[in-house]
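Each chain, written out:
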Amino acid sequence: MADTEAWHPTACILCECNCGIEVLLDERRFARIRGDRQHPASQGYTCNKALRLDHYQNGRGGRLTAPLRRTADGGFEEVDWDTAISEISARLLAIRDAHGGETVFYYGGGGQGNHLGGAYAPATMAAYGARYRSSALAQEKTGEFWVSARMLGHVTRGDFEHCEVALFLGKNPYQSHGFPRARSVLKEIARDPDRSMIVVDPVRTETAELADLHLQLRPGTDLHLVTALAAVLVQEDLVAHDWVAAYTQGYDEVAAVLRDVPVAEHCAVADVPEPLVRTAARRIAAARSVAVFEDLGVQMNRDSTLVSYVEKLVWLLTGNFAKPGAQYVPSNLSAIGRDRGLPADAVPRTPVVGAPIISGLVPCNVIAEEVLADHPARYRAMLVESANPAHSLADSPRMREALEALDLLVVIDVAMTETARLADYVLPAPTQFEKYEATFFNFDFPRNLHHLRHPVLDAPPGVLPEPEIHARLVEAAGALGEDDYVPLRVAAEQGRAAFGAAFLAAVADPARRRLAPVLLYRTLGPTLPDDAAAAAVLWAAAHQFVLANAPGVERAGFGAGPAAGERLFDALLASAHGVVISDDAPEASWQRLGRQRIELHLPELLDAVAGLGARPRPELDPSYPFVLSAGERRAFTANTIIRDPRWRRRDPEGRLRMSPADAERLGLASGDLVRLRTRRGSVEVPVDVTDTMRAGHLALPNGLGVGVPGDEPLAAGVAPNELTDLRDRDEWVGTPWHKHVPAALDVLAR
Ligand SMILES: Nc1nc2c(c(=O)[nH]1)N[C@H]1C(S)=C(S)[C@@H](COP(=O)(O)OP(=O)(O)OC[C@H]3O[C@@H](n4cnc5c(=O)[nH]c(N)nc54)[C@H](O)[C@@H]3O)O[C@H]1N2
Ligand SMILES: Nc1nc2c(c(=O)[nH]1)N[C@H]1C(S)=C(S)[C@@H](COP(=O)(O)OP(=O)(O)OC[C@H]3O[C@@H](n4cnc5c(=O)[nH]c(N)nc54)[C@H](O)[C@@H]3O)O[C@H]1N2
Ligand code: SF4
Ligand SMILES: [Mo]
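Residues numbered from 1 in each chain as written. Chains lettered and ligands numbered in written order. Predicted model: local features only at pLDDT ≥ 70, side-chain atom pairs only at ≥ 80, totals over all residues. Heavy atoms only, no water.

1. Some remarks on the overall build of the protein chain
And then number 1: Across its full length, the protein chain carries 29 helices and 26 strands.
And then number 2: By the compact-globule yardstick of 27 Å for 750 residues, the protein chain fits well, its C-alpha radius of gyration being 25 Å.
And then number 3: Summarising its shape, the C-alpha atoms of the protein chain cover approximately 70 × 60 × 60 Å along the three principal directions.
And then number 4: The 750 residues of the protein chain split such that 62% are buried.
And then number 5: For the protein chain, restricting intrachain contacts to residue pairs at least 6 apart in sequence, the fraction spanning at least 24 positions comes to 74%.
And then number 6: When the accessible surface of the protein chain is totalled, it reaches about 27,000 Å², and 50% of it is carbon and sulfur.
And then number 7: Charge separation in the protein chain, taken as the distance between the mean sites of 78 positive and 98 negative side-chain charges, equals 2 Å. (Helix = DSSP H or I, 4+ residues; strand = E, 2+ residues; numbered from the N terminus. Rg over C-alpha atoms; globule rule 2.2 N^0.38 Å. Buried < 20%, exposed > 50% of the residue type's maximum accessible area, 1.4 Å probe, protein only. Contact = heavy atoms within 4.5 Å. Areas by Shrake-Rupley, 256 points an atom, 1.4 Å probe, with all protein chains shown as cover. Lys, Arg positive; Asp, Glu negative; His and termini not counted. Charge placed at Lys NZ, Arg CZ, Asp CG, Glu CD.)

In structure tokens form, the structure reads like this:
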């Protein structure tokens, strides 16, 4: 397959946008990479990072090529796959039999580029009786998922391409993207005198540089700021009353609270001039359309869930839903972000800590506590797939302690990660360019897409794709076997219609439904062209998608009914460039809500907003006089997906950014070394003095500190979660406060 003549279509795996790319190979190296013009969303666009993907495929970083088993002396030895699977299975079954399947925990299921393997994990969970799971989403998005579910029944996205006003709260799309062709779209908005960009960020980011209004607030005061914005709408009577009356409920309760908000005081707490906040509110109210993106700057910060709530009030009070350039409800091939939207006292809870489970995910910040507690229901085994929680979750010291306290830790990855090093078994997977792969991070509107990427290279011997690993684990547990497969294989030989009927009968029993992915992989999978068995799960997804999005699917040209599901699935298999799966009419957002009116009044949250004025002003602990933003997105960060530090062209050490005022006071210049201390840990890092930072604010990049053994520690950078404390988390959904870590500095060398 190492065809060196052709450009191979695939996608960048470094952020959720998954821009289409084409790769020219030189043996196994990525000799050249370019944007794929045939990709329906990115249309040839990439950012600087995609061009460095050879460092993922071929970089140093401890590529795994055989299953590993921990030895008595703490090292690892290679074992064959049969040994690994049968031993893991036996140990999981023993834990299940002794303590219950709910003590087996599943974490991960995909990073920024790979969700296809994780789609098979529910079968493994079912086979071993596991109930609890989590992923990185439960350390960023669950607050927004929860309020969205309660207000709208759905998560929403913003139409930045067509908006008149773009509002970014704690989001730097110039670096982090988050919507297609982000840099181009930002520049288009900046260039157009009729459009405006409003950025709420303590840092003058690359995005803020392009903004018309930059509300450069004091870190961690977003609730004050966004409440002031919403209050100005009510107090200056800028509300879209007709729209609110027609489509929402609960306005009177919300208005009663917002009418009493002391706008000037809130602006003072946020340290943003009140006239600027009023100008922003008026610009939002006057716009034909407003698109909004809240991201980690607020979601990993104090009051994050409350901010998510009030942020949604801002665009709902101004009628910015279900029209071009505003918020919409996207179609999606999976159920990412779906939540039941229960009030706080009714959400399901974790067995030990009693933390809320939103969208089926245990808050990441309580996982270590759930493991380390002296409690019969504590998690005892963990299967980690395509994630690096020992590095990415809050409080790495505590997380390592928890992972080491497990009876069994199994890691599925491509590299010897910080998490893998703690495992009892490490199972190696092909890279994302050596197998079929896809994500479910497509939320575009009106035309949404899905991209089933084809392999670019053969996988080396010794690795197994995730669907195969799950199938073997399920079979080793005795949950599925040949007796289950044979009737479906016979049906598959008679065609998809016969297969469909046989499959529905096979999963009619709810207890077996969760095994469906492996059932599909083993029966439909082998019938798929070009060894695309891993795509089998998309067959069911395509049919469900047609049921849920019939008008959009029809407009995208797939017809209607079960035949549309087959056509859609076949189109996904056939195109290596991505397929438009739905083409929505403007009213599709309303159709997806499944409710008559949008709920503005979330009583517990509105009460908390009402109480904000009475709160004491936020004070810093004098022994930690700085606020550290631990983990920002920069030109060369990509979580921990690329482990070879040499991929970074700029900022190789991941410097600590600080303001000129602080630097002058401490006598520091760029490049000087400091010790950065928090209540949890301390690290050494060089500083970068920049007037983009407010005084008192520090920022470290995300995803660093994952070097290769033998590298200089400074070349690898600082692992931010050596500094964070898992107890610093949102009171409603348990998401971390990584953007608000109290910190101190000692000058080491000037
Ligand atoms: N280059 C790059 N892009 C990525 C990623 C990557 O690793 N590298 N990761 C992807 C992932 S997983 C995600 S979730 C997204 C995240 O994307 P973003 O949320 O945009 O990323 P961050 O840079 O972490 O945080 C955004 C902003 O929050 C600001 N901020 C800090 N403190 C505060 C505060 O108190 N209030 C406000 N309002 N803002 C504050 C920071 O200054 C920063 O500009 O990026 C994705 N894209
Ligand atoms: N302090 C602080 N911490 C943060 C953040 C922050 O801003 N500050 N950001 C957080 C955010 S938003 C996120 S999303 C998380 C991300 O953190 P994680 O969810 O842990 O994900 P990644 O760092 O993307 O790691 C992905 C893993 O997948 C592996 N991998 C790559 N390809 C494959 C494959 O094909 N198969 C398998 N099985 N594995 C593969 C990689 O080697 C890597 O170990 O980090 C979070 N951590
Ligand atoms: S990092 Fe994101 S925006 Fe940049 S090329 Fe990759 S997928 Fe596209
Ligand atoms: Mo993320």
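2. Things to note about the packing of helix H8 (residues 222-235) against helix H14 (residues 304-317)
And then number 1: One can describe the packing of H8 onto H14 by two numbers: an axis separation of 9 Å at closest approach and a directional angle of 25°. One element, H8, and the other, H14, form an angle in the roughly parallel class. As H8 packs across H14, the resulting crossing turns out to be left-handed. Taking contact as the criterion, the partners of Asp 222, Leu 223, Val 226, Thr 227, Leu 229, Ala 230, Leu 233 and Val 234 in H8 are, on H14, Leu 306, Val 307, Val 310, Glu 311, Val 314 and Leu 317. (Axes fitted to C-alpha atoms, helices over the stretch in contact; angles between N-to-C directions. Parallel < 35°, antiparallel > 145°, perpendicular 65-115°, else oblique. Left-handed = near helix turned anticlockwise from the far one by under 90°.)

3. Topic: the site of ligand 2
And then number 1: Surrounding ligand 2, one finds 31 residues, the nearest of these being Ser 392, Asp 413, Glu 466, Ala 630 and Thr 640.
And then number 2: Contact distances for ligand 2 include 2.7 Å between an oxygen atom and a side-chain N or O atom of Asp 413.
And then number 3: Contact with the protein chains covers 97% of the free accessible surface of ligand 2, which is 930 Å².
And then number 4: Contributing elements (two or more residues each) for the shell around ligand 2: strand E16 (408-413) and strand E21 (626-632).
And then number 5: Broken down by class, the residue content of the shell around ligand 2 amounts to 11 nonpolar, 14 polar and six charged. (Near = heavy atom within 4 Å. Polar contact = N/O pair within 3.5 Å; in protein donor to acceptor, adjacent residues only side chain to side chain. Nonpolar A, V, L, I, M, F, W, Y, C, P; charged D, E, K, R; others polar.)

4. Some words on helix H12 (residues 274-286)
And then number 1: Between its first and last C-alpha atoms H12 spans 18 Å; for 13 residues at 1.5 Å apiece the expected length is 18 Å, and the two agree.
And then number 2: Taken together, the buried positions of H12 are occupied by Val 277, Arg 278, Ala 280, Ala 281 and Ile 284. Projection of H12 onto a plane perpendicular to its axis shows the buried side chains occupying an angular sector of 160°, all on one side. Of the exposed residues in H12, the ones pointing more than 90 degrees away from its buried face are Pro 275 and Ala 286. (Expected span 1.5 Å × (residues − 1). Arc of directions from axis to C-beta.)

5. Let's talk about the pattern of salt bridges
And then number 1: This model, assessed by the stated rule, comprises 53 salt bridges.
And then number 2: The residue Arg 400 makes a salt bridge to Glu 722 at a minimum N-O spacing of 2.8 Å. With Arg 400 in helix H17 (residues 396-405) and Glu 722 in the loop between helix H29 (713-716) and strand E26 (741-749), this residue pair connects regions lying 322 residues apart in the sequence.
And then number 3: The class for Arg 400 is partly exposed, based on a relative accessible area of 29%.
And then number 4: For Glu 437, the salt bridge is made with Lys 435, and the minimal N-O distance between the two is 3.9 Å.
And then number 5: Assessed through its relative accessible area of 7%, Lys 435 is described here as buried.
And then number 6: Residues participating in the shared-partner salt-bridge network are Glu 632, Arg 634, Asp 651, Arg 657 and Asp 688. (Salt bridge = Lys/Arg side-chain N within 4 Å of Asp/Glu carboxyl O.)

6. Brief notes about the domain arrangement of the protein chain
And then number 1: Domain parsing of the protein chain yields domain 1 (7-58), domain 2 (143-333), domain 3 (481-583) and domain 4 (619-749).
And then number 2: Computed over C-alpha atoms, the centres of domain 2 and domain 3 are 40 Å apart. (Domains from an automatic or database assignment.)

7. Focus: the sheet that holds strand E13 (residues 290-294)
And then number 1: The strand order across the open sheet formed by four strands is E11-E10-E9-E13, and the pairing between neighbours is parallel. Two strands close off the open sheet at either side, each with one partner strand: strand E11 (213-215) and E13. Taking the axes of each pair of neighbouring strands and ignoring which way they run, one obtains an average angle of 10° across the sheet.
And then number 2: Summarising the sheet, strand E9 (residues 165-169) and E13 pair through five bridges and their orientation is parallel. Directly across from Val 165, in E13, lies its bridge partner Val 290.
And then number 3: Across the face of the sheet, H14 comes into contact with E9 and E13 while running at roughly 175° to E13. (Pairing = 2+ DSSP bridges.)

8. Concerning the site of ligand 1
And then number 1: Not every one of the 32 residues close to ligand 1 is listed here, only the nearest: Ser 176, Asp 201, Asp 222, Thr 637 and Lys 739.
And then number 2: For ligand 1, an oxygen atom lies 3.4 Å from a polar atom in the side chain of Asp 295.
And then number 3: Note that a nitrogen atom of ligand 1 is positioned 2.6 Å from one of the backbone N or O atoms of Thr 637.
And then number 4: Here ligand 1 loses 98% of its free accessible area of 910 Å² to cover by the protein chains.
And then number 5: Of all the secondary-structure elements, those providing two or more residues to the shell around ligand 1 are helix H5 (173-176), helix H13 (296-299) and E21.

9. A look at the packing of aromatic side chains
And then number 1: Tallied over the entire structure, the rule returns 22 aromatic pairs.
And then number 2: Between the aromatic rings of Phe 30 and Phe 433, the centroid separation amounts to 5.2 Å while the plane-to-plane angle is 90°, which identifies the pairing as edge-to-face. Note that Phe 30 is positioned in strand E3 (residues 29-35) and Phe 433 in the loop between strand E17 (425-428) and strand E18 (447-450), a separation of 403 residues in sequence. Assigned by exposure class, Phe 30 and Phe 433 land together as buried.
And then number 3: Consider the rings of Trp 243 and Tyr 247, whose centres lie 5.3 Å apart with planes at 55°: the pair is tilted. Taken together, the positions of Trp 243 and Tyr 247, both in helix H9 (residues 241-247) and four residues apart, correspond to about one turn of that helix.
And then number 4: Ring-pair connections join several aromatic residues into one group, and the members of that group are Trp 243, Tyr 247, Trp 315, Phe 321 and Trp 590.
And then number 5: Across from the ring centre of Phe 293, 4.4 Å away, lies the NZ or CZ of Lys 171, which sits over that ring.
And then number 6: Here Arg 183 stacks its cationic end above the ring of Tyr 174, 4.5 Å away from the centre of that ring. (Phe/Tyr/Trp six-rings, centres within 6.5 Å; stacked < 30°, edge-to-face > 60°. Lys NZ or Arg CZ within 6 Å of the ring centre and 35° of its normal.)

10. A word on the nonpolar core
And then number 1: By size, the foremost hydrophobic cluster in this structure holds 105 residues, and its most contacted members are Tyr 107, Trp 146, Tyr 309, Phe 321, Ile 367, Met 382 and Leu 409.
And then number 2: Looking at this core element by element, the count peaks at 10 residues for H8.
And then number 3: Look past the residues within four positions of Leu 409 in its chain and what remains in contact with it is Met 382, Val 384, Leu 403, Thr 419, Leu 422, Ala 423, Asp 424 and Tyr 425.
And then number 4: Grouped together as the second largest cluster of nonpolar side chains are 96 residues, Val 23, Phe 30, Leu 519 and Val 553 included. (Core = buried A, V, L, I, M, F, W, Y, C linked by side-chain atoms within 4.5 Å.)

11. Re H14
And then number 1: A rise of 1.5 Å per residue sets the reference length of H14, with its 14 residues, at 20 Å; its end C-alpha atoms lie 20 Å apart and thus fit the reference within 8%.
And then number 2: Counted residue by residue, H14 has 14 buried out of 14 residues, so it is predominantly covered.

12. Some points on the sheet that holds E3
Two pairing modes exist for strands in a sheet, parallel and antiparallel, and in both the strands are linked by backbone hydrogen bonds.
And then number 1: The antiparallel open sheet is built from three strands, whose spatial order is E1-E2-E3. Taken across any chain shown, the strands that pair with only one partner, and hence form the sheet edges, are strand E1 (7-11) and E3. Sheet twist, expressed as the mean angle between neighbouring strand axes with direction ignored, is 35°.
And then number 2: Relative to E3, strand E2 (residues 20-26) is paired through six bridges, and the arrangement is antiparallel.

13. Digging into the packing of helix H23 (residues 536-548) against helix H25 (residues 561-574)
And then number 1: Viewed as axis vectors pointing N to C, H23 and H25 meet at an angle of 135°, and their least axial separation amounts to 8 Å. Considering the angle they form, H23 stands oblique to H25. Where H23 crosses over H25, the two elements pack in a sense that is right-handed. Note on element contacts: H25 touches H23 through Gly 561, Pro 562, Ala 564, Gly 565, Glu 566, Leu 568 and Phe 569, opposite Leu 538, Trp 539, Ala 542, His 543, Phe 545 and Val 546.
And then number 2: Residues of the contact of H23 with H25, tallied by class, amount to nine nonpolar, three polar and one charged.

14. Considering the confidence of the model for the protein chain
And then number 1: Counting all residues, the mean pLDDT for the protein chain is 96, and 99% of those residues have values of 70 or more.
And then number 2: Per-element confidence in the protein chain is highest for strand E10 (residues 196-200), whose mean pLDDT is 99, and lowest for H29, whose mean pLDDT is 75. (pLDDT = per-residue confidence, 0-100.)

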